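In case you want the letters, here they are:
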Amino acid sequence: MAFHPKCIAAFLAAASACSYAGAFAPTSRSSASRQQLTRANVATMPNFGGFLDTIGNNNSNNNNNSEKEPEEPQRAGALIDLDGIAFSGLRGQALSLTTADFPDSGTVRKVIPADCFEPETAKSLGYLSVSLAGTAACTAFGVAALPVLDPANFLTLPFWTAYSAVTGSVAMGLWVLAHECGHGAFSKDKKLQDAVGFALHSLMLVPYYSWQRSHAVHHRYTNHMELGETHVPEDKGDTESDKMYESLDLRKSIVDKFGDEDGIKVWGGLQAFLHLAVGWPAYLLIGATGGPDRGRTNHYYPYPLSEPKQPKKELFPGNWKEKVYQSDIGVAAVAAAALAWAACDGLPEMMALYGGPLIVVNAWLVLYTWLQHTDVDVPHFTDSDHNFVKGAFHTIDRPYDKLDPWGAIDFLHHKIGSTHVAHHFDSTIPHYKAQVATDAIKESFPEIYLYDPTPIPEALWRVCKGCAAVVKRGDYYIWDNSDVKAELLETE
């Protein structure tokens, strides 16, 4: 295969390439048609041209009538070239929005009940006890299974893989609560909050204060091309020296090698592995998919690993450097304990009971963050066209409550994926009040609230295949899928 050298280097360095593939190339339209398309969401219609012609004829006939029905005030809509742009379950909703459509922060805050911004320590501790009890029960089951199913025996791999999947899925709830501690949404008692967050994140080898800082930056610069944190896309228009992955070239070489249908599956599988398996450690270690203007970053070392384009925007400024080192103490203690465990009882046992579930937790984390901010028709912005509210409302809520028949995953993960728009607007809203805030936002701002009903596995597969690099269209940076057949991105 004609793999580009930069891509191979990025893969070997575990720099999770934020890249994908897909296509949809509708015919060109006039500005008037584009306004109607984005406002009416006619991307859901099977025959765009015929539908637009019908609208045009109906408008013509209406002009001949002496009596006209009152017309609803029209939004201007965004005027962009849709050539090579695919559509998700949002049907181009995010592409129809302009900066003028987004209210200021105060207007949004007013529609959310005031109680939503108040964490309740007792309730937070109650949810913590649920996640702790579930994780402890799974671990106890694993320990009891050790004498019967020795992890060193290769034949027991299916059992321990299943164990890791279940235990990691339950333990993800602890990650979410540690995340709330970092946001100040767990308790008004700051010492208790930081103690809980520090302990939980250290257990998962996450530097608590380092991630607290970088994640706050992610919230401030959501879907920002230069200063965003995590899942910042590759710009097709970058110069050769600025490009790191050459994702479009790699995708094309794979598709050329294996053919359209098999090639896009290989590409999607590669992206799933790079993101879900190595994406999180790659982000912590080298800032993979982080904002390019901050240079390469490391969450365990507070200084940039490469020269940042905007030195004043470094990830860990001032006093945060000391906090990075404080975080390292907790991570180092847990890492040393894990190594001692492996030395005393064997690497297979440590991986079976700890390493495997941790890999699953990391995969869940990347799944959430990736799908919360990425899909084939969700744009990114530069500094001149970005603001906090606009970024927050380009977060996507998804049907994690339907991921299993009982909604167990959504419950165990404290609804982190189904109420994430509200969380991104104000991260101090506790998860147990996020649904009320979500309902208020959805009711008051239905045109800008993004909810994609696509089932999670299908949405993930579409993103794996359909998001490789972005191209500039007007003020937007939009995922370019001009070289992949449309039907290869369609979900069932």
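Everything discussed here concerns the structure shown above.
Residues numbered from 1 in each chain as written. Predicted model: local features only at pLDDT ≥ 70, side-chain atom pairs only at ≥ 80, totals over all residues. Heavy atoms only, no water.

Draft legend 1. Looking closely at the environment of valine 266. Along the polypeptide, valine 266 turns up in helix 10 (residues 260-286). Take valine 266: its relative accessible area is 33%, and that puts it in the partly exposed class. Along the primary structure valine 266 and isoleucine 254 are separated by 12 residues, whereas in three dimensions their C-alpha atoms are 7.3 Å apart. (Helix = DSSP H or I, 4+ residues; strand = E, 2+ residues; numbered from the N terminus. Buried < 20%, exposed > 50% of the residue type's maximum accessible area, 1.4 Å probe, protein only.)

Draft legend 2. Representation of the environment of histidine 231. Structurally, histidine 231 is set in the loop between helix 8 (208-220) and helix 9 (247-258). Histidine 231 sits 139 residues away from tryptophan 370 along the chain, and the two C-alpha atoms are 6.5 Å apart. Reaching out from histidine 231, the side chain makes a polar contact with the side chain of threonine 369 at a distance of 3.0 Å. At 3.5 Å, the side chain of histidine 231 forms a polar contact with the backbone nitrogen of tryptophan 370. (Polar contact = N/O pair within 3.5 Å; in protein donor to acceptor, adjacent residues only side chain to side chain.)

Draft legend 3. Structural view of the pairing of strand 1 (residues 470-473). Inspection of the sheet shows strand 1 paired to strand 2 (residues 476-479) by four bridges, in the antiparallel sense. Directly across from valine 471, in strand 2, lies its bridge partner isoleucine 478. Connecting the antiparallel pair strand 1 and strand 2 is a turn made up of two residues, with glycine 474 showing a positive phi of about 65°. (Pairing = 2+ DSSP bridges.)

Draft legend 4. Up close: the pattern of salt bridges. A complete count under the given rule lists 19 salt bridges for this structure. Residues lysine 433 and aspartate 115 are paired through a salt bridge, measuring 3.2 Å at the closest nitrogen-oxygen approach. Here lysine 433 is found in the loop between helix 15 (420-425) and helix 16 (434-444), whereas its partner aspartate 115 is found in the loop between helix 4 (105-111) and helix 5 (121-145), with 318 residues between them in sequence. The salt bridge partner of arginine 462 is aspartate 375, with a shortest N-O separation of 2.7 Å. Separated by 87 residues along the polypeptide, arginine 462 in helix 17 (residues 456-466) and aspartate 375 in the loop between helix 12 (347-373) and helix 13 (388-392) bring together distant segments of the chain. Given a relative accessible area of 3%, arginine 462 falls into the buried group. (Salt bridge = Lys/Arg side-chain N within 4 Å of Asp/Glu carboxyl O.)

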